[in-house]
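# Examination of the molecular architecture
One-letter residues, chain by chain:
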Amino acid sequence: MKEKRIYNFNAGPAALPLSVLEEIQESFLSLNGCGMSITEISHRSKEFDAIIDDAIARTKRLLKLDDKFHVLFLQGGASTQFCMVPMNFLSEGQSADYVSTGTWSQKAIKEAQIQGKKIKVVASSEDKNFSYIPQNIQFSSDARFVHITSNNTIKGTEWASYPDTKGVPLIADMSSDILSRPFDPEPFGLFYAGAQKNMGPAGVCLVVIRDDFLQSVPDNLPTMLKYTTHASKNSMFNTPPCFAIYTVQLVLKWLEETIGGLDKMQELNRKKAQLLYQTIDAGDFYKGTAMPDSRSLMNITFRLPSEELEQKFVKEALANNFAGLKGHRSVGGCRASLYNAVPLEAVQALTDFMVAFERKNR
Ligand SMILES: *Cc1c(COP(=O)(O)O)cnc(C)c1O
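Everything numeric in this text was worked out from a predicted model, so none of it was measured. (Residues numbered from 1 in each chain as written. Predicted model: local features only at pLDDT ≥ 70, side-chain atom pairs only at ≥ 80, totals over all residues. Heavy atoms only, no water.)

## Examining the sheet that holds strand β12 (residues 299-303)
Pairing in this open sheet of three strands is antiparallel, and the strands run β11-β12-β14 from one edge to the other. The strands lining the two open edges of the sheet, one partner per strand, are β11 (287-288) and β14 (334-337). With four bridges joining them, β12 and β14 adopt antiparallel strand pairing. Looking at β14, one finds that Asn299 is bridged to Ser337. On top of the sheet, helix α8 (residues 262-281) reaches β11, β12 and β14; it is set at about 10 degrees to β12, its chief contact. (Pairing = 2+ DSSP bridges. Helix = DSSP H or I, 4+ residues; strand = E, 2+ residues; numbered from the N terminus. Contact = heavy atoms within 4.5 Å. Axes fitted to C-alpha atoms, helices over the stretch in contact; angles between N-to-C directions.)

## Remarks on the pairing of strand β3 (residues 95-100)
Across the six residues of β3, six count as buried, placing the element largely inside the fold. Residues Ser95, Asp97 and Val99 point to one face of β3 and Ala96, Tyr98 and Ser100 to the other, with burial holding for every one of them. In this sheet, strand β4 (residues 118-124) lies alongside β3 in parallel orientation, the contact comprising six bridges. Opposite Ser95, over in β4, you have Lys118 as the bridge partner. Taken together, β3, helix α4 (residues 103-114) and β4 constitute a β-α-β crossover, and its handedness is right-handed. Across two bridges, the pairing between β3 and strand β5 (residues 146-149) is parallel. (Buried < 20%, exposed > 50% of the residue type's maximum accessible area, 1.4 Å probe, protein only. Right-handed = clockwise from strand over helix to strand, strands pointing away.)

## Description of the packing of α8 against helix α10 (residues 344-361)
Remark: α8 packs on α10, axes separated minimally by 9 Å, with the N-to-C direction vectors making an angle of 5 degrees. Accordingly, the angle class assigned to the pair α8 and α10 is roughly parallel. Residues Lys271, Lys272, Leu275, Leu276, Thr279 and Ile280 of α8 pack against Leu344, Val347, Gln348, Leu350, Thr351, Met354 and Val355 of α10. When its residues are assigned to classes, the contact of α8 with α10 shows eight nonpolar, three polar and two charged. (Parallel < 35°, antiparallel > 145°, perpendicular 65-115°, else oblique. Nonpolar A, V, L, I, M, F, W, Y, C, P; charged D, E, K, R; others polar.)

## Examining the pattern of salt bridges
Using the criterion set out here, one finds 18 salt bridges in the structure. As a salt-bridge pair, Asp281 and Arg295 come within 3.0 Å of each other at their nearest N and O atoms. Of this pair, Asp281 sits in helix α8 while Arg295 sits in the loop between β11 and β12, placing them 14 residues apart in sequence. Taking relative accessible area as the criterion, Asp281 reaches 46% and is therefore assigned partly exposed. Under the relative-accessibility criterion, Arg295 is labelled buried at 18%. Residues joined by salt bridges that share partners form a network here, namely Asp54, Arg58, Arg61, Glu256 and Glu257. (Salt bridge = Lys/Arg side-chain N within 4 Å of Asp/Glu carboxyl O.)

Here's what the structure looks like:
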């Protein structure tokens, strides 16, 4: 039976490649002919070992990670990383720099402060409602790390390139733009991403940690909140989210084998975002909320001339098979999330709809 599919611009959980969903459907009752579903097999089975090892190998190839980086798949979402990062890396007397570029940065900062850790907010774009990425930041030379949010899912801004921290390791929350473009992993001590934006379903969080950071983790931390626990057991200290990891593995395979890697993915993502930004910039009906030099390629935030028109836009869009265009409840407006799995064709259809909507409502 062919199910109805619509254009999905959700911010997270979000669109997955159709071919991946179909592969899950096909293998769901019997994974690789083993007679059991991925949701029924042991995480200690050879079937699951092959899945997690392949997911790790593909992550390393796609992100060009050498052997000093460890790839972990953890639970608790990116939000648990807000807590684990300062817990694992800031001991007595150490301090870290944080850059505040929106809601998720603020939450990361709060989790460090709750633990009484010494941190310094070295830059913030709050003065202009988080509509830009700060430049020319003075980092502390003695900071243990610098924490940034690579893409601000709610405010629609993204670091076009990562800041020069003069040798201080970077730590980044990459939840909403991981695998959307290539980058140099060398300056990073750690980066993490909840899977449900660009990698798979909710329930698993990718953590990439450099060996010297892993070695510095103290012993006297709660077992589940210690990176060393998970690294020493290949992310299987306790039962991992097998289904989520399986889906991530299929998405990674799709990225490598169907898309052709992160350079190709970036090219496609640029095309999609350009098309939508062009439509927004073409007149004064739609207005982008992020400063042009800070615009995200993943989450495109925009306003219409009035809140009434915004409501009408979201409602009519849905009636025309475009889902997920309402802005985050904290900021209002509209947002189209153009994650990896959103095809160019969906953005073309959306921009056609936007042009027609403007004509009727201006
Ligand atoms: C969605 C999101 C989060 C929260 O992720 P959870 O997995 O729900 O904890 C954190 N940071 C960013 C940038 C996000 O987009």
